[in-house]
Amino acid sequence: MSMYILSSDEISQLVTELQASYAVYGPQVEPQTRQVFFDLINDATALDLEAPIPSMPVKEILFPQMERILKYKYDAETQSVEMARQYFEQPKVLFGLRPCDLAGIQALDRFFLGQEFVDDVYLTHRRQCLLISNTCLHPFPQCFCVCTHSGPDADEGFDLDLTKLADGYLVKVGSEKGRALADAHNWTPAKPQQLSEQKAVVDKCIDLFPDMATDNKAWVSRVMNRITTGFIKSETWEYIGDQCLECGACSFVCPTCSCFNIEDAQTECGECERLRTRDSCSFEGYARMAGDHNPRQPVEDRRNKRFFCKLSYSQSKKYLRPGCVGCGRCQWVCPGDIGLPNVVQYIRREITGGEA
Amino acid sequence: MQLMNYKTCVCNLCGTGCGQFLKTDGRQVFGVAPLIAHPVSKGKLCIRGWHANELLNTNERITQPMIRENGQLRPASYEEAIALVASRMQQFDGAKGEIGILASARSSNEDGYTLGRLAHEVFGTRLQGIGAEAGHRKSMASLEHAFGYPGAHGSLTSIDHADYILVVGTDITRQNPIIGGNIHAAQRRGARVVTLSSSRTQIAKLSTKHFQQKPGTKGLLVNALAKALLGIRTANRERKANIDQMPGYSDYVASLRSISSVALERASGIRYEEIEEEAKYLEQAKSIVILFSSGISGLDRPTIDAITNLALLTDRMDHEHSAVIPVAGISNLQGSFDMGVSGEPGNSVFKALASPDSAIRALFVIDHDDGIIRDRERIASLDFVVYSCAYKSAFMDLAHVVFPLPAFNETDGTYTASDRRVQITRKNVDNPHKVLPGWALFQKIAAAAGHQWGYANAADVFIELANNTPGYAGLSHQQLSQGFGQHWNPQAFPNSRRRKFNAINIEYWESPTTPEFPFALMIGKAQHYWHQNNLMRKTIVPRREYDQTLWLYPHGYIEISPDDATRLKVKDKWLVNVRSSIGTHMKIAVKISPDVQSGTAYIPYFIKNMISDFLLPYENAYAAGEESVIPIQIQE
Ligand code: SF4
Ligand code: SF4
Ligand code: SF4
Ligand code: SF4
């Protein structure tokens, strides 16, 4: 793997240069609230590679909360339908992805592109997408990627990967596209000791994870085992379900949740538009099946579905990795107290009979 | 540097006032993100807040003024419509009660204030009211008597610090979910959370202690708790409290002393010993928060008086983390009261519409929910009705002139949450149809009638309203834009330091049920709290959730306990005959729920329309929510 070392200035130049032919997105800090978003970059200086994990997952760009995908109009006279799709391809760079978000994109790729059915909307957003990841130097509150093998550094799936070292950014090339970009520049090759420096940086970051997270590492697989085999007491699910306020937030902020809903709506002038919106298995209506029968009606069963999706072997097989990438966002946004790390805790408590 | 696509906003879908980001390119809203730094919502939003983007994308918008001609609404220019309204309104005599104003609890303070001016100065009327105000007026009156000003005592953020939290009645995880979430978090950090509710609501399940009292006895129970607290107090007189100096104290104490434990237990089903145990915790708490729901599903006055009295009696109300908060289901209910457009007794537009011999001939209405158009016949027979709203609604059918309004993110405006926190929402998308904001529309109507106001923008309006509204002095748009708003200042009220007990009456509520009509029917909780709202029907996912309930129970449902279901030999979704003691009748599906007490039955709010014949004689029961009980029999 070729590696280079770039100064902050060179990184900044790269951003500006890419902006000429791509829409460049990256982490930025909203000035008033200090909240981090992975948003379109206007001015290269707004990119903040040291900003904490973005508050919303990067799927915002590839799988928006709401998008118009189609417009159609029926002409009664000619009995014909005019249709026009509403999503368009745009070359883009996702600059400075946290490794967990990169893993999230890989999971979404598997879901939308990797099965019998290829989702054209997602594909259109995903094609011509340059992925540049960024190693975490320290975990942020609620991060637990060490348990789900998705951080704090990226090992695959990127075009370029950055790690901030003492003398600049170590840049790893991870794909042909990345290769081409590197070849077009006169970047300084990295020295071997800089690779070991990078390893040390990652090890240090892993050490910085709170005990709860590292401790949970072994537990995640035990919990997965339990969830897969359905060997969890109904009281535990009920305890979890009682705390769910059915807001849907956990799915909206999860880098790997892919549920959506399609709705056709009439516009002013007799046209129809087709909207695609994000959805969540925490909602009763989502699981509704025809024939007045809802297989997952009690809320604890719906919760159960989500954790099954994130933490079971059968789902992992589908994504080729655990459905949870350990970003901890669901813990942040849950008005109950049932973010995924907590659920692992609850099940762990059940297994140990209340201890630890 | 501003972000390209994320703009701060205040959720306008209930009186919690959560902070949110809208994802927008300045033309359309594509999504929502929570706002982590917001002191109340702290990065959380409920199902409504998370789907604000769907509402803001609806095609069901009013986009231009309209005038009714030959029975049909036709597009009109602002000039034409405004001139028509100004000249028609001059034909009515406001002073004689011919013009009524129906304000909205979702309007911004700027719109509420200027609507008040339009009514009082231009139309010359005081006949007014706010949709859904009934319950809130009682809360305001009780709080004003107790604390000296009509508003919440303390802040919602107190929930995060208080030792003791009492939730009276409200199904708060449905009505104001983020407050519910904060209470749940408080319980986890060790606060004692106590819920008083006749059904086992979600917050009841998440509480440290749930008193599941019989219907109609919440106030009695609160008073009993006060009596028990007083008992401990007298026993260890170590406090320096001077609550006994407050007006009303001795009458209050005398009433409390008269509570009989036997009668209490018979009425409420709760033993006094249990309440005495609870009082020990209350006595130990240094900071106490009491929450109750206000507005359409609010409590009755005696219950609210019991609550405010108990609060004063604890002697903890000066603690920085104590609070008494009337929790509103609609975003700016508090602000609309502050702006002076509520219908106090003597000038209530609702009363005028309901009395056949009132003088009312014209009605000026802002944003009214479909489901609760009361006195529709009367409104339809008025000479002139003007309706203004951002969204299409059934009220348009009743209007002679219709005006569009911007959505809450299409114009600058301030909103006052349940705990008096005044927050600003800035315009963050275009206003493609050049729709005038409410204040600007009212200013133009005023000008057409010869009154010049001279506001250049919403900030100007705010400067004036801050000068004229007690508590708002010192606030401005600019200052509210820094941080997350500010509570209005109670000290502007001269009596704010003079606390008083409300007069109470101890009544042992007798259930109106009889052997023949053994079930106490209440109108109450529902899976989701939509307050019959014109707005949530215009979303996608929340609407589907609402429809989901209808899918399972297409004609609504009546909730009963599993024991009663066994006794009646009915199964879930079976149709039963329900007959009320005054003879109305309906056929409705049964929903079996372990959360309701035997002998009680609930129908959710939103099915009122479907069973209106049944409820018609019970208009008040509907307004009184769980406080009012209809005796019924249920037969297979
Ligand atoms: S389940 Fe929670 S922690 Fe896991 S990836 Fe999704 S949001 Fe992140
Ligand atoms: S979860 Fe891991 S990869 Fe993601 S931001 Fe936190 S430390 Fe980085
Ligand atoms: S974020 Fe929490 S409360 Fe909301 S749907 Fe998910 S689990 Fe339920
Ligand atoms: S609790 Fe109220 S203010 Fe908060 S997100 Fe929900 S509807 Fe909006």
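Keep in mind that what you see is a predicted model, and the values were worked out from it rather than measured.

Draft legend 1. Structural detail: the overall build of chain A. Summing up its helical and strand segments, chain A has 14 helices and 12 strands in all. With the C-alpha coordinates of chain A rotated into their principal frame, the extents come out at 70 × 65 × 40 Å. Among the 356 residues that make up chain A, the fraction classed as buried is 57%. Contacts in chain A between residues far apart in sequence, at least 24 positions, make up 71% of those at least 6 positions apart. Charge separation in chain A, taken as the distance between the mean sites of 38 positive and 49 negative side-chain charges, equals 4 Å.

Draft legend 2. Structural context of the overall build of chain B. Of regular secondary structure, chain B possesses 23 helices and 24 strands. Its C-alpha radius of gyration of 24 Å places chain B within 12% of the 26 Å reference for a compact globule of 636 residues. With the principal axes as the frame, chain B shows a C-alpha extent of 70 × 60 × 50 Å. Long-range contacts, defined as pairs at least 24 residues apart, comprise 73% of the intrachain contacts of chain B with a sequence gap of at least 6. For chain B, the accessible area works out to roughly 22400 Å², and carbon and sulfur atoms hold 49% of it. Taking the 66 positively charged and 62 negatively charged side chains of chain B as two groups, their mean positions are separated by 3 Å.

Draft legend 3. Fine view of the site of ligand 4. Residue and element names in this part refer to chain B. In the vicinity of ligand 4, the contacting residues are Cys11, Leu13, Cys14, Thr16, Gly17, Cys18, Leu45, Cys46, Arg48, Gly49, Pro177 and Ile178. Among the elements of the structure, helix 1 (47-50) and helix 7 (177-189) are those that each provide at least two residues to the shell around ligand 4. By residue class, the composition of the shell around ligand 4 is eight nonpolar, three polar and one charged.

Draft legend 4. The arrangement of the interface of chain A and chain B in detail. Between chain A and chain B, the contact holds 60 residues from the first and 57 residues from the second. Across the chain A/chain B interface, buried area totals approximately 4800 Å², and carbon plus sulfur atoms make up 53% of it. Viewed at the interface, chain B and chain A are joined by five salt bridges. Where Glu246 of chain A meets Arg174 of chain B, a salt bridge forms, and the shortest distance between an N and an O atom there is 3.5 Å. Connecting chain A to chain B are 20 residue pairs in polar contact (both at pLDDT 80 or more). Of the residues belonging to the side of chain A that touches chain B, the class tally is 23 nonpolar, 20 polar and 17 charged.

Draft legend 5. Region of interest: the domain arrangement of chain B. Residues and elements named next belong to chain B. Domain assignment breaks chain B into domain 1 (6-56), domain 2 (66-131 + 333-492), domain 3 (138-328) and domain 4 (519-635). Averaged C-alpha coordinates put domain 2 and domain 3 at centres separated by 35 Å. Across the boundary between the two partners, domain 2 contributes 12 residues, which contact 17 residues of domain 3. The contact between domain 2 and domain 3 buries some 960 Å² in all, and 63% of this surface belongs to carbon and sulfur atoms.

Draft legend 6. Structural context of the packing of aromatic side chains. Overall, the coordinates contain 22 aromatic pairs over all chains when judged by the stated rule. Taking 6.1 Å as the distance between ring centres and 75° as the angle between the ring planes, the aromatic pair formed by Tyr149 of chain B and Trp488 of chain B counts as edge-to-face. Here Tyr149 of chain B, found in the loop between helix 5 (134-147) and strand 8 (164-168), pairs with Trp488 of chain B, found in the loop between strand 18 (486-487) and strand 19 (519-524); they are 339 residues apart in sequence, far enough to count as distant. You can call Tyr149 of chain B buried: its relative accessible area is 4%. Through a chain of ring-to-ring contacts, the aromatic side chains of Phe63, Phe111, Phe112, Tyr122 and Phe260 of chain A assemble into a single cluster. A cation over an aromatic ring shows up here: Arg276 of chain A above the ring of Phe260 of chain A, its NZ or CZ 4.3 Å from the ring centre. Between Arg61 of chain B and the ring centre of Tyr391 of chain B, over which it is positioned, the NZ or CZ distance is 5.3 Å.

Draft legend 7. Local environment of the pattern of salt bridges. Within the structure shown, the criterion is met by 42 salt bridges over all chains. In this structure, Lys164 of chain A and Glu50 of chain A form a salt bridge, with 3.7 Å as the shortest nitrogen-oxygen distance. Highlighted residues: Lys164 of chain A in strand 8 (residues 160-165) and Glu50 of chain A in the loop between strand 3 (36-40) and helix 2 (59-62), separated in sequence by 114 residues. On the accessibility criterion, Lys164 of chain A (29% relative accessible area) is partly exposed. Across the pair Glu278 of chain B and Arg192 of chain B runs a salt bridge, and its minimum N-O distance is 2.7 Å. One end of the pair, Glu278 of chain B, is in helix 12 (residues 272-284); the other, Arg192 of chain B, is in strand 9 (residues 192-196), and 86 residues separate them in sequence. Neither Glu278 of chain B nor Arg192 of chain B differs from the other in exposure class; each is buried. One connected set of salt bridges, linked through shared partners, spans Glu60 and Arg278 of chain A together with Lys23 of chain B.

Draft legend 8. Spotlight on the sheet that holds strand 16 (residues 413-416) of chain B. Residues and elements named next belong to chain B. Strand order in the open sheet formed by three strands is 16-17-18, and the pairing between neighbours is antiparallel. Two strands close off the open sheet at either side, each with one partner strand: strand 16 and strand 18. Bridge analysis of strand 16 against strand 17 (residues 421-425) gives four bridges, and the strand direction is antiparallel. Within strand 17, the position partnered with Gly413 by the bridge is Thr425. Against the sheet, helix 4 (residues 109-122) contacts strand 16 and strand 17, and its axis sits at roughly 95° relative to strand 16.

Draft legend 9. Expanded view of the pairing of strand 2 (residues 19-24) of chain B. Residues and elements named next belong to chain B. Most of strand 2 is tucked away: six of the six residues are buried. Bridge analysis of strand 1 (residues 6-10) against strand 2 gives five bridges, and the strand direction is antiparallel. When the sheet's bridge partners are listed, Val10 is paired in strand 2 with Gly19. Both strand 2 and strand 3 (residues 29-34) contribute to a ladder of five bridges, which runs antiparallel. Bridging from a neighbouring strand, Leu22 pairs with Val32 of strand 3.

Draft legend 10. Layout of helix 7 of chain B. Residue and element names in this part refer to chain B. Taking 1.5 Å per residue, 13 residues should reach 18 Å; helix 7 reaches 18 Å between its end C-alpha atoms and fits that length. Residues Pro177, Ile178, Ile179, Gly180, Gly181, Asn182, Ile183, His184 and Ala186 constitute the buried set of helix 7. Directly beyond the C-terminal end of helix 7, a positive phi value near 115° is found at Gly190.

Draft legend 11. Layout of the nonpolar core. Residue and element names in this part refer to chain B. Counting 107 residues, the largest nonpolar core has Met89, Ile275, Leu313, Phe364 and Phe403 as the members making the most contacts within it. Among the elements that take part in this core, helix 9 (residues 218-235) stands out by supplying nine residues, more than any other. Each of domain 2 (66-131 + 333-492) and domain 3 (138-328) accounts for three or more of the residues forming this core. Among the nonpolar cores identified, the runner-up in size contains 59 residues, and Leu22, Leu35, Phe350 and Ala399 belong to it.

Draft legend 12. Structural detail: the side chain of Gln633 of chain B. Within the element layout of this structure, Gln633 of chain B appears in strand 24 (residues 630-635). Discounting chain neighbours no more than four positions away, the residues touching Gln633 of chain B are Glu516, Phe517, Pro518, Asn577, Val578 and Arg579 of chain B.

Draft legend 13. Main features of the packing of helix 4 of chain B against helix 18 (residues 458-468) of chain B. All names here are of chain B. At a minimum axis separation of 9 Å, helix 4 and helix 18 run at an interaxial angle of 70°. Judged on the interaxial angle alone, helix 18 and helix 4 are roughly perpendicular. The two elements helix 4 and helix 18 meet at a crossing, and its hand is left-handed. Of the residues in helix 18, those touching helix 4 at Asn109, Glu110, Tyr113, Thr114 and Arg117 are Ala458, Val461, Phe462, Glu464, Leu465 and Asn468.

Draft legend 14. How the structure looks around unusual backbone geometry. Residues and elements named next belong to chain A. Of note, the amide linkage connecting Gly151 to Pro152 takes the cis form, showing an omega dihedral of 0°. Tracing the backbone shows Pro152 in the loop between helix 5 (145-148) and strand 8. If you check the backbone angles, His149 has positive phi at about 60° while not being a glycine. Note that His149 resides in the loop between helix 5 and strand 8. Its identity as a non-glycine residue notwithstanding, Glu246 has a phi of 55°, on the positive side.

Draft legend 15. Structural view of the packing of helix 5 of chain B against helix 13 (residues 301-314) of chain B. Residues and elements named next belong to chain B. The interhelical angle for the contact between helix 5 and helix 13, taken along N-to-C directions, is 30°, at an axis separation of 9 Å. Classified by the angle their axes make, helix 5 and helix 13 are roughly parallel. The way helix 5 lies across helix 13 gives a crossing that is right-handed. Seen from helix 5, the contacting residues are Lys138, Ser139, Ala141, Ser142, Leu143, His145, Ala146 and Phe147; seen from helix 13, they are Arg301, Ile304, Asp305, Thr308, Ala311 and Leu312. Its residues assigned to classes, the contact of helix 5 with helix 13 comprises seven nonpolar, four polar and three charged.

Draft legend 16. Focus on the environment of His451 of chain B. Within the fold, His451 of chain B resides in the loop between helix 17 (438-448) and helix 18. Each residue touching His451 of chain B, except ones within four places of it in the same chain, is listed here: Glu121, Val122 and Ala446 of chain B.

Draft legend 17. Main features of the sheet that holds strand 8 of chain A. Residue and element names in this part refer to chain A. Taken together, the eight strands give an open sheet; going across it, the order is 3-2-6-7-8-9-1-10, and neighbouring strands pair in mixed fashion. The sheet terminates laterally at strand 3 and strand 10 (188-189), the two strands that pair on one side only. Relative to strand 7 (residues 129-134), strand 6 (residues 92-97) runs parallel, the two being bridged by five bridges. Directly across from Lys92, in strand 7, lies its bridge partner Cys129. Helix 3 (residues 99-113) rests against strand 6 and strand 7 of the sheet, and its axis sits at about 135° to strand 6.

Rules used throughout
Residues numbered from 1 in each chain as written. Chains lettered and ligands numbered in written order. Predicted model: local features only at pLDDT ≥ 70, side-chain atom pairs only at ≥ 80, totals over all residues. Heavy atoms only, no water. Helix = DSSP H or I, 4+ residues; strand = E, 2+ residues; numbered from the N terminus. Buried < 20%, exposed > 50% of the residue type's maximum accessible area, 1.4 Å probe, protein only. Contact = heavy atoms within 4.5 Å. Lys, Arg positive; Asp, Glu negative; His and termini not counted. Charge placed at Lys NZ, Arg CZ, Asp CG, Glu CD. Rg over C-alpha atoms; globule rule 2.2 N^0.38 Å. Areas by Shrake-Rupley, 256 points an atom, 1.4 Å probe, with all protein chains shown as cover. Near = heavy atom within 4 Å. Nonpolar A, V, L, I, M, F, W, Y, C, P; charged D, E, K, R; others polar. Buried area = accessible area lost by both parts, 1.4 Å probe. Salt bridge = Lys/Arg side-chain N within 4 Å of Asp/Glu carboxyl O. Polar contact = N/O pair within 3.5 Å; in protein donor to acceptor, adjacent residues only side chain to side chain. Domains from an automatic or database assignment. Phe/Tyr/Trp six-rings, centres within 6.5 Å; stacked < 30°, edge-to-face > 60°. Lys NZ or Arg CZ within 6 Å of the ring centre and 35° of its normal. Pairing = 2+ DSSP bridges. Axes fitted to C-alpha atoms, helices over the stretch in contact; angles between N-to-C directions. Expected span 1.5 Å × (residues − 1). Core = buried A, V, L, I, M, F, W, Y, C linked by side-chain atoms within 4.5 Å. Parallel < 35°, antiparallel > 145°, perpendicular 65-115°, else oblique. Left-handed = near helix turned anticlockwise from the far one by under 90°.

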